[in-house]
Amino acid sequence: MMTRWADRAGRIAWVLWAAFGAACTASEGDTGPVTLPPLETGTPREDSGTFPFDTSGDTAPTDESPPHRLLLSQAGTWTLGGASGDPSSMTGTLVVTELLDGDTEAPACLETWALVGTRAATDCDGCAYTFAVEHTRVTTEGACRTPELPETGDVRALGYAASEGRIWWDWYDTGVWVPLWDAERGETADELVFSWETELGVTGEEEE
């Protein structure tokens, strides 16, 4: 290692000597010492100007509210099968709706899903029962913007917590359970009714 560093130091020293030594060696046409230009002895000038700042302020009115409102909603039912209080299966429907600016005549999105589930091996904490539910899209109109909608064939673990009145979802089978829908008993003992709704501000499509 020391020999390698010594060789490198020798090469660097030789290059420096070649560069500076050649500059200091007089050539055949050397006519005498080179006269350097005189040093600048004047006082350097300073720019005393100031950068102009705009202090007038922005007096234009601001409106940060979005021009459109999008209402997202999901609703449906579960029909439980098997023993009362300890169901082994379920069937149901899910309707996904999106309304732009409250236009119920022409929904921005409308989807209907068929749900079929079998009892899971274990229930989520606090859940009365949990199902592995397969989702099948039956009808669709428009392009839905609702996040995390399933795809046809997706199977999701969904559990009903009676004490909370809520259906929970094992988020992408990670073991993290998140609230999905508010739920309550329907008109019959084997029926659950669920729903979810929120409203968002949207800018809409830019005009050409």
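Refer to the structure printed above.
About the cut-offs
Residues numbered from 1 in each chain as written. Predicted model: local features only at pLDDT ≥ 70, side-chain atom pairs only at ≥ 80, totals over all residues. Heavy atoms only, no water. Helix = DSSP H or I, 4+ residues; strand = E, 2+ residues; numbered from the N terminus. Buried < 20%, exposed > 50% of the residue type's maximum accessible area, 1.4 Å probe, protein only. Pairing = 2+ DSSP bridges. Core = buried A, V, L, I, M, F, W, Y, C linked by side-chain atoms within 4.5 Å. Contact = heavy atoms within 4.5 Å. Axes fitted to C-alpha atoms, helices over the stretch in contact; angles between N-to-C directions. Lys, Arg positive; Asp, Glu negative; His and termini not counted. Salt bridge = Lys/Arg side-chain N within 4 Å of Asp/Glu carboxyl O. Polar contact = N/O pair within 3.5 Å; in protein donor to acceptor, adjacent residues only side chain to side chain. Disulfide = S-S within 2.5 Å.

*Asks:* Would you mind going over the overall build of the protein chain with me for this structure?
*Replies:* A tally of regular secondary structure across the protein chain gives one helix and eight strands. Reading the helices (α) and strands (β) of the protein chain from amino to carboxyl end gives α-β-β-β-β-β-β-β-β. Relative to its 208 residues, the protein chain shows a buried fraction of 23%.

*Asks:* In this structure, what is going on with the environment of glycine 85? I would like to understand it.
*Replies:* Mapped onto the fold, glycine 85 is located in the loop between strand E1 (68–83) and strand E2 (86–100). By relative accessible area, glycine 85 is classed as exposed at 63%. Taking the C-alpha atoms as reference points, glycine 85 and alanine 128, 43 residues apart in sequence, are found 8.3 Å from one another.

*Asks:* Can you walk me through the pairing of strand E6 (residues 166–170) in this structure?
*Replies:* A regular strand carries its side chains on alternate faces of the sheet. In terms of residue burial, E6 counts as a mostly covered element, since four of its five residues are buried. With four bridges connecting them, strand E5 (residues 155–161) and E6 associate as antiparallel partners. Bridging from a neighbouring strand, alanine 161 pairs with arginine 166 of E6. Between E5 and E6, which follow one another and run antiparallel, lie four residues, and glycine 165 among them has a positive phi close to 65 degrees.

*Asks:* Would you mind showing me how to read the nonpolar core here?
*Replies:* General note: in soluble globular proteins, nonpolar side chains tend to be found buried as a group. Grouped together as the largest cluster of nonpolar side chains are 20 residues, with contacts concentrated most on Trp78, Leu115, Leu158, Ile167, Trp181 and Phe194. Of all elements in the fold, only E1, E2, strand E3 (109–119), strand E4 (129–142), E5, E6, strand E7 (177–185) and strand E8 (191–202) reach the threshold of two or more residues within this core. When neighbours within four sequence positions are excluded, tryptophan 181 is seen to be in contact with Gln74, Trp78, Leu94, Leu158, Gly165, Arg166, Ile167, Phe194, Ser195 and Trp196.

*Asks:* What is the right way to read the sheet that holds E7 from this model?
*Replies:* Within a sheet, neighbouring strands are paired by backbone hydrogen bonds and run either parallel or antiparallel to one another. Ordered by their spatial adjacency, eight strands build a closed barrel running E1-E2-E3-E4-E5-E6-E7-E8, and the pairing between neighbours is antiparallel. Neighbour-to-neighbour, the strand axes of this sheet turn through a mean angle of 30 degrees, independent of strand direction.

*Asks:* Would you mind going over the side chain of arginine 156 with me for this structure?
*Replies:* Topologically, arginine 156 is positioned in strand E5. The charged side chain of arginine 156 is buried without a salt bridge, its nearest counter-charge being aspartate 154 at 4.5 Å. Engagement of the side chain of arginine 156 in a polar contact is seen with the backbone oxygen of glutamate 148, the distance being 3.1 Å. Residue contacts for arginine 156: discarding those within four places in its chain leaves Phe131, Ala132, Val133, His135, Glu148, Leu149, Pro150, Trp169 and Tyr172.

*Asks:* How should I be thinking about the state of the cysteines in this particular structure?
*Replies:* One pass over the structure, following the stated rule, counts two disulfides. Between the sulfur atoms of cysteine 124 and its disulfide partner cysteine 127 the distance amounts to 1.8 Å. Between cysteine 124 and cysteine 127 the sulfur-sulfur dihedral comes to about -80 degrees; the bridge is accordingly left-handed. Judged by relative accessible area, which is 7%, cysteine 124 ranks as buried. Here cysteine 127 falls in the buried class, since its relative accessible area comes to 12%. If the cysteines joined by disulfides in the protein chain are listed in sequence order, their pairing comes out as 1-4, 2-3.

These figures capture arrangement, not role.
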